[in-house]
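# Overview (structure and organization)
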Amino acid sequence: WDFKDPEDGSPLDQLITTEFTGILRYAFQERFVSGEFERISLGTEWPIVTGTATWGLPGVLGSQYNYLRSTLDAEDVARIGLVGRVEWLAQAGKYWGSAPYPLMEVVAASGTYFMTPESFNLLNPLELVTDEWVKASVEWHLEGFFLNHIPLLRRIGLREVAGVKSIVGSWDAKHEGLVALRDGTNGISAPYTECSLGIENIFRFLRIDAVWRTDREFGTADSWGIRIGFAAEI
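Described in the following lines is the structure provided in the data block. Remember, it's a predicted structure, so these values are computed and weren't measured experimentally.

Turning to the layout of surface pockets, a few remarks are in order. Here the largest pocket defines a volume of roughly 480 Å³. As for the largest pocket, its lining consists of 24 residues, and the residues nearest its centre are E87, L89, P117, E139 and H141. Of all the secondary structure elements, the ones that give two or more residues to the lining of the largest pocket are β5 (66-79), β6 (85-98), β9 (132-141) and β14 (224-230). With four residues, β6 is the single largest residue contributor to the lining of the largest pocket. Here the second largest pocket is characterised by a volume of approximately 250 Å³. As for the second largest pocket, its lining consists of 16 residues, of which D73, L89, P117, E118 and K135 are closest to the centre. Of all the elements in the fold, those that place two or more residues in the lining of the second largest pocket are β5, β6, β9 and β10 (159-170).

The structure is reproduced here in structure tokens:
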């Protein structure tokens, strides 16, 4: 990354931070199978909630910045009868204090043609940063609810999937007093949303989605794309 001093534009060679992170996870009635060396989760019928707090410790091992990052995450898989299942996850987060933008919440972007669950698939890397945000992702796996009525497609096991990802947040320009934003990087100022429609269980492991971002005119070259994922269905 190209770090620049906000006053004179001179390059900065390094940013130094030391962090301490604490995590608390709550999964009601989660079940496990214990092995000889480890145990494997069988999941739970309830949402899993995780709280995380990360402290930037100024002066420790050369650390330059003093901040606190806290997040609250929730995720679940819900069965909805004959029309498949819904997988969802949500996160709320906030920074206290101040730090350069690379140490704040850089909104995750895939940057490739491969789908990643935690990232936005059409967002450019480093396009958006935020210090206070709420984001959510929902995927509806229809498990052949429509395609199973087409004999050939039923035989090869193709299944439908639809999804929405969105983030809304804010950005305090005070952080830019430490390191100037690079060209093409902006503090988030409006909701960013992606929608997708796809087919999964191709050859039992492939998934192909058409994805589009709602902040640009639909149909333009930079408003949509095709992404590939890996997700096996039984």
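Mapped onto the fold, T193 is located in strand β12 (residues 192-202). Among the residues examined, T193 registers a relative accessible area of 15% and is labelled buried. The spatial distance from the C-alpha of T193 to the C-alpha of K165 is 5.6 Å, given a sequence separation of 28 residues. With sequence-adjacent residues up to four places away left out, T193 is seen in contact with V164, K165, S166, W212, R213 and T214.

The final tally for this structure, using the stated rule, is one cavity of 30 Å³ or more. As a volume, the largest cavity reaches approximately 80 Å³. Of all the secondary structure elements, the ones that give two or more residues to the lining of the largest cavity are β9, β10 and β12. Residue composition of the lining of the largest cavity, grouped by class: five nonpolar, four polar and three charged.

Conventions adopted
- Residues numbered from 1 in each chain as written.
- Predicted model: local features only at pLDDT ≥ 70, side-chain atom pairs only at ≥ 80, totals over all residues.
- Heavy atoms only, no water.
- 1 Å grid on protein atoms, 1.4 Å probe; cavity = no way out; pocket = protein on both sides within 12 Å on 5 of 7 lines; lining within 4 Å.
- Points joined across faces, edges and corners; volume = space filled by probe spheres on them.
- Helix = DSSP H or I, 4+ residues; strand = E, 2+ residues; numbered from the N terminus.
- Buried < 20%, exposed > 50% of the residue type's maximum accessible area, 1.4 Å probe, protein only.
- Contact = heavy atoms within 4.5 Å.
- Nonpolar A, V, L, I, M, F, W, Y, C, P; charged D, E, K, R; others polar.

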